[in-house]
Amino acid sequence: MSTYKEIHGLKIKKVSSDPPAAQRGQMWYNTTTGSLRVRGLGPGVWTSGGNMNTKRSSATAGTVTAGLASHGYTYPPSSPEGGSYATEEYDGTSWTSVNNANTQRYQTSAVGSQTASVVFGGLNGTGDVGPYTMSSSFEGYNGTTWTNLTSAPTAKAGGPVLVGTSTLLVQVAGNTNGSGEPGNGVQEYNGSWSAGENYPISVQSLSGAGTQTAAVLVAGATNAPGSSIVTTANEYDGTDFSATGATPVATRGLGGRSGTQTSAFFAGGFPSIGTCLDYDGSSFSVNPATPSLTTPSFGFGSMSNSNNTNTAALACGRGPTSGDNLFTTEEYAGPSDATTTVTVS
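All values reported here derive from a predicted model rather than from experimental measurement.

Each regular strand carries side chains that alternate between the two faces of the sheet. As paired elements, strand β9 (residues 87-90) and strand β10 (residues 95-98) share four bridges and run antiparallel to each other. If you follow Tyr90 over to β10, its bridge partner there is Trp95. Hairpin connection from β9 to β10: four residues lie between these consecutive antiparallel strands, with Gly92 at a positive phi of about 100°.

Here we come to the sheet that holds β9. An order of β5-β6-β9-β10 is seen for the four strands of this open sheet, with the pairing classed as antiparallel. Single-partner strands in this sheet number two, and they are β5 (59-62) and β10. Each adjacent strand pair in this sheet contributes to an overall mean axis angle of 25°, direction not counted. In this sheet, β9 lies alongside strand β6 (residues 67-70) in antiparallel orientation, the contact comprising four bridges. Across the sheet, Ala69 pairs through a bridge with Glu88, a residue of β9.

The subject of this paragraph is the sheet that holds strand β16 (residues 138-141). Taken in spatial order, the four strands of this open sheet run β12-β13-β16-β17, and their pairing is antiparallel. Each edge of the sheet is formed by a strand with only one pairing partner; in this case those strands are β12 (109-113) and β17 (146-148). Strand after strand, the sheet turns through a mean of 20° between neighbouring axes, direction not considered. In the sheet, strand β13 (residues 116-120) pairs with β16 via four bridges, with the strands oriented antiparallel. Bridging across to β16, Val118 finds its partner in Gly140.

Here the focus is the nonpolar core. Ranked by size, the top nonpolar core spans 13 residues in total, and within it Val172, Tyr199, Leu206, Leu217 and Phe241 carry the most contacts. Of all the elements in the fold, those that place two or more residues in this core are β18 (161-164), β19 (169-175) and β23 (214-218). Counting residues per element, this core draws most heavily on β19, at three residues. Those residues within four positions of Val172 in sequence are excluded, and the remaining contacts are Lys156, Val161, Gly185, Val186, Tyr199, Leu206, Leu217 and Phe241. Among the nonpolar cores identified, the runner-up in size contains eleven residues, and Val216, Ala264, Tyr279 and Phe284 belong to it.

This part takes up the environment of Val342. Relative to the helices and strands, Val342 is located in the segment after β33 (336-341). The partly exposed category is assigned to Val342, whose relative accessible area is 27%. Taking the C-alpha atoms as reference points, Val342 and Leu36, 306 residues apart in sequence, are found 5.4 Å from one another. Apart from residues no more than four positions distant in its own chain, Val342 is found in contact with Met27, Leu36, Arg37 and Val38.

What follows covers the pattern of salt bridges. All told, the structure shown has four salt bridges when counted by the stated rule. Residue Asp337 pairs with Arg24 through a salt bridge whose shortest N-O separation is 2.8 Å. Taken as a pair, Asp337 in strand β33 and Arg24 in the loop between β1 (13-15) and β2 (27-30) lie far apart in primary sequence, 313 residues in all. Judged by relative accessible area, Arg24 falls into the exposed class, the value being 55%. Arg56 is the partner of Glu88 in a salt bridge, and the nearest nitrogen-oxygen pair spans 3.3 Å. Here Arg56 lies in the loop between β4 (45-48) and β5 and Glu88 lies in strand β9, a separation of 32 residues in the sequence. Here the two residues Glu88 and Arg56 agree in accessibility, since each one is buried.

Here we come to unusual backbone geometry. Across the junction of Gly130 and Pro131, the peptide omega takes the value 10°, indicating a cis bond. Counting through the fold element by element, Pro131 comes out in the loop between β14 (123-124) and β15 (133-134). A cis amide bond links Phe270 to the next residue, Pro271, at an omega of 5°. Even without being a glycine, Ser205 presents a positive backbone phi close to 60°.

What follows is about the side chain of Arg257. You can see Arg257 is positioned in strand β26 (residues 255-259). Polar side-chain contacts of Arg257 include one of 2.6 Å to the backbone oxygen of Met303.

On to the state of the cysteines, then. Scanning the entire structure with this criterion turns up zero disulfides. You can see Cys276 has no disulfide; the closest cysteine sulfur is in Cys316, sitting 16 Å from it. Under the relative-accessibility criterion, Cys276 is labelled buried at 1%.

This brings us to the environment of Leu162. Among the secondary structure elements, Leu162 is positioned in strand β18. For the pair Leu162 and Ala219, spaced 57 residues apart in the sequence, the C-alpha separation amounts to 15 Å.

What counts and how
- Residues numbered from 1 in each chain as written.
- Predicted model: local features only at pLDDT ≥ 70, side-chain atom pairs only at ≥ 80, totals over all residues.
- Heavy atoms only, no water.
- Pairing = 2+ DSSP bridges.
- Helix = DSSP H or I, 4+ residues; strand = E, 2+ residues; numbered from the N terminus.
- Axes fitted to C-alpha atoms, helices over the stretch in contact; angles between N-to-C directions.
- Core = buried A, V, L, I, M, F, W, Y, C linked by side-chain atoms within 4.5 Å.
- Buried < 20%, exposed > 50% of the residue type's maximum accessible area, 1.4 Å probe, protein only.
- Contact = heavy atoms within 4.5 Å.
- Salt bridge = Lys/Arg side-chain N within 4 Å of Asp/Glu carboxyl O.
- Polar contact = N/O pair within 3.5 Å; in protein donor to acceptor, adjacent residues only side chain to side chain.
- Disulfide = S-S within 2.5 Å.

Take a look at the structure:
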């Protein structure tokens, strides 16, 4: 077996404390702790953020340090119960309530940044008994106020997937009626709405990441109860869909919108509760990071990173309706350099 010196041309140094500026791949023996140490790439991690002010299943946009949560279903002790237009901004530490949106609804989806975002679809209504109706509403937020934009041609609910930006996006598949029946219709927005090529299968609880012209769409359920889940994934080039590698497990309700078509991060699907996935442009792999709030599924609308990198994500407005779960915020930070102890079996 080759020695460290034969491979690297250097002996392992003995030091009394870890070097303050160690480089990736550097190894040393810490005489104080009696351990062999190495600088390498550590795993991604989830950490807790500040709680939201309103207990609700919000739609999320923006980034870890400049997030936006709006709409959703409000649960006691927050009030009034039912469809909401409440809006909150996140600064990386705490949430601040800002101007309300125009339409009270839940099961919406958002995309964009804290100062340029849009929210689509859902179920319009208020109160714990409604009535609630399918929504094609499309609202824009500029960091201060909400504006009613041109409604989409087709109303959808269940957190219908939006991928792209507030001015150039694609909306793929999703619930097409109040019973949750999946569809395969595609709608594109570039200042006005137009129909796109149908998705290869009818599906709801779909997730996605990327842009309008370079997106990856992932998993979902092909029936209304959401019990028939798939491993299917497809890429979109702005015109056509093409199949790509399947997910390691069948899942629905993944959080998405973190990364690009060639480097994306997804989290919190169902029934693979707590599972995180990485996508490299052709295949998926399991990311070992595990969020602390692991049930139920995140849902596409509750996770965001509008910087389009797979190394960070903000998740909020999700979880069981009991207790304080829907107040909870979690932040994902991707793999970074870390010093660890080498163990030899």
